[in-house]
Amino acid sequence: MTSSLKPTAVVVGVGAEQGLGAALCRKFASEGHHVLAAGRTREKLDRVVAGLTAAGGSGEAVVTDATKEADVARLFDRALAPGEGLAPVDLVVFNAGNNRQVPFRDLDATSFEDFWRVGCFGGFLVGREAARRLVPLGRGTVLFTGASASLRGRAGFAQFAAAKAGLRMISQSMAREFGPQGLHVAHVLIDGGIDGERVRTLAPERVKAMGEDGLLHIDAIAETYWQLHRQHRSAWTQEVDLRPFKESF
């Protein structure tokens, strides 16, 4: 990589401006990366990218459905040839996911498969494409957003836990296969509520009950992702768990 070229990052699963995906975009842009913000909704992506530009960074919105193989391949085609003055991608985050409580006996097959496709299959497609493109370069970081459901299932969340547990195994398998070839793969286990637009809109009572710093701040989470990318290869982390200081575990 030529030092004069600006590095490129890809964040898959970018939605609301006050969400983790957007916070990751802002963090990487502030550290000097050109950011490809990937998600399903053009309007949301455009707002996030406009914020990066306004803050002096650079980015590009790439409408992507992570469950579609052709979309993911197209995203990485762009990431490997991002434009003049930009280096091929060296940082990839898979942050896509969906979550809601559904009683097990009410869970239909289509819904279960939808959760798996977004939370696990999409991670496979992104991880595989990242490995195909980055391993030959002998460098790079691939990070997956996990959850406490990656380790344990709760009543009413079988569909979410199944997807997240599968994603964790993808991360471990990739790390063991590609770490020796220079690709850093890590899984970030989020144990607690994220203080973003989703929780504040759908569960304001939870935000109030948790009190100050009772939920994970999106910018604090993003800082950990950045530090994982910056780790020296003699001391790589494969998995890290993050939780508010009030959270029992």
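Residues numbered from 1 in each chain as written. Predicted model: local features only at pLDDT ≥ 70, side-chain atom pairs only at ≥ 80, totals over all residues. Heavy atoms only, no water.

### Side note on the overall build of the protein chain
When its secondary structure is counted, the protein chain shows eight helices and nine strands. Compactness check: the protein chain gives a C-alpha radius of gyration of 17 Å against a globular reference of 18 Å for 249 residues, within 12% of the reference. On the principal axes, the C-alpha backbone points of the protein chain span a range of 55 × 40 × 35 Å. Out of the 249 residues in the protein chain, the part that is buried amounts to 51%. Here the analysis covers contacts within the protein chain between residues at least 6 apart in sequence; of these, 73% occur between residues at least 24 apart. Charge separation in the protein chain, taken as the distance between the mean sites of 30 positive and 28 negative side-chain charges, equals 2 Å. (Helix = DSSP H or I, 4+ residues; strand = E, 2+ residues; numbered from the N terminus. Rg over C-alpha atoms; globule rule 2.2 N^0.38 Å. Buried < 20%, exposed > 50% of the residue type's maximum accessible area, 1.4 Å probe, protein only. Contact = heavy atoms within 4.5 Å. Lys, Arg positive; Asp, Glu negative; His and termini not counted. Charge placed at Lys NZ, Arg CZ, Asp CG, Glu CD.)

### Some thoughts on the packing of helix 4 (residues 109-134) against helix 5 (residues 158-178)
Two packed helices can be described by the angle between their axes and the distance between those axes. Where helix 4 contacts helix 5, the two axes come as close as 7 Å, and the packing angle between them is 15°. It follows that helix 4 is roughly parallel to helix 5 by the angle criterion. The two elements helix 4 and helix 5 meet at a crossing, and its hand is right-handed. Mapping the contact onto sequence places Phe-112, Phe-115, Trp-116, Gly-119, Cys-120, Gly-123, Phe-124, Gly-127 and Ala-131 in helix 4 and Ala-158, Gln-159, Ala-162, Ala-163, Gly-166, Leu-167, Ile-170, Met-174 and Phe-178 in helix 5. When grouped by side-chain class, the residues that make up the contact of helix 4 with helix 5 number 13 nonpolar, five polar and no charged. (Axes fitted to C-alpha atoms, helices over the stretch in contact; angles between N-to-C directions. Parallel < 35°, antiparallel > 145°, perpendicular 65-115°, else oblique. Left-handed = near helix turned anticlockwise from the far one by under 90°. Nonpolar A, V, L, I, M, F, W, Y, C, P; charged D, E, K, R; others polar.)

### A short note on the nonpolar core
Core analysis: the biggest nonpolar cluster contains 32 residues, and Val-92 and Leu-183 have the highest contact counts within it. Looking at this core, the elements with two or more residues in it are strand 1 (6-12), strand 2 (34-39), helix 3 (69-80), strand 4 (86-94), helix 4, strand 5 (141-147) and helix 5. With seven residues, the single largest contributor to this core is helix 4. Not counting residues within four places of it along the chain, the set of residues in contact with Val-92 comprises Val-10, Phe-76, Val-126, Ala-130, Leu-134, Thr-141, Val-142 and Leu-143. Core analysis: the next-biggest nonpolar cluster, separate from the first, contains 31 residues, Val-14, Ala-22, Leu-24 and Leu-45 among them. (Core = buried A, V, L, I, M, F, W, Y, C linked by side-chain atoms within 4.5 Å.)

### Remarks on the pairing of strand 3 (residues 58-63)
On a regular strand, one side chain projects to one face of the sheet and the next to the other, so that they alternate. Pairing of strand 2 with strand 3 involves six bridges; the strand directions are parallel. Residue pairing for strand 3: Leu-36 is matched across the bridge by Glu-60. What joins strand 2 to strand 3 is helix 2 (residues 42-54), and the crossover it makes is right-handed. (Pairing = 2+ DSSP bridges. Right-handed = clockwise from strand over helix to strand, strands pointing away.)

### Some remarks on the side chain of Ser-171
Along the chain, the position of Ser-171 falls in helix 5. Within the structure, Ser-171 has its side chain in polar contact with the side chain of Gln-238 (distance 2.9 Å). (Polar contact = N/O pair within 3.5 Å; in protein donor to acceptor, adjacent residues only side chain to side chain.)

### Thoughts on the packing of aromatic side chains
Two aromatic rings are characterised by how far apart their centres lie and by the angle between their planes. Considering all chains together, one arrives at four aromatic pairs under this definition. Note on Phe-28 and Trp-226: the rings are 6.1 Å apart at their centroids and 45° apart in plane angle, and the pair reads as tilted. One end of the pair, Phe-28, is in helix 1 (residues 20-30); the other, Trp-226, is in helix 8 (residues 218-230), with 198 residues separating them in the sequence. Residue classification places Phe-28 among the buried positions, given a relative accessible area of 0%. Residues Phe-94 and Phe-144 carry aromatic rings whose centres are separated by 6.3 Å and whose planes lie at 55° to one another, so their mutual orientation is tilted. Taken together, the residues Phe-94 in strand 4 and Phe-144 in strand 5 connect sequence positions 50 residues apart. A single burial state applies to Phe-94 and to Phe-144, both of which are buried. Among the aromatic residues, those joined into a ring-pair cluster are Trp-116, Phe-121 and Phe-124. (Phe/Tyr/Trp six-rings, centres within 6.5 Å; stacked < 30°, edge-to-face > 60°.)

### With respect to helix 3
Between its first and last C-alpha atoms helix 3 spans 17 Å; for twelve residues at 1.5 Å apiece the expected length is 16 Å, and the two agree. Within the span of helix 3, buried status applies to Asp-71, Val-72, Leu-75, Phe-76 and Ala-79. The arc enclosing the buried residues of helix 3, seen along the axis, measures out at 130°, which places them on a common side. Elements that come into contact with the buried residues of helix 3 comprise strand 1, strand 2, strand 3, strand 4 and helix 4. (Expected span 1.5 Å × (residues − 1). Arc of directions from axis to C-beta.)

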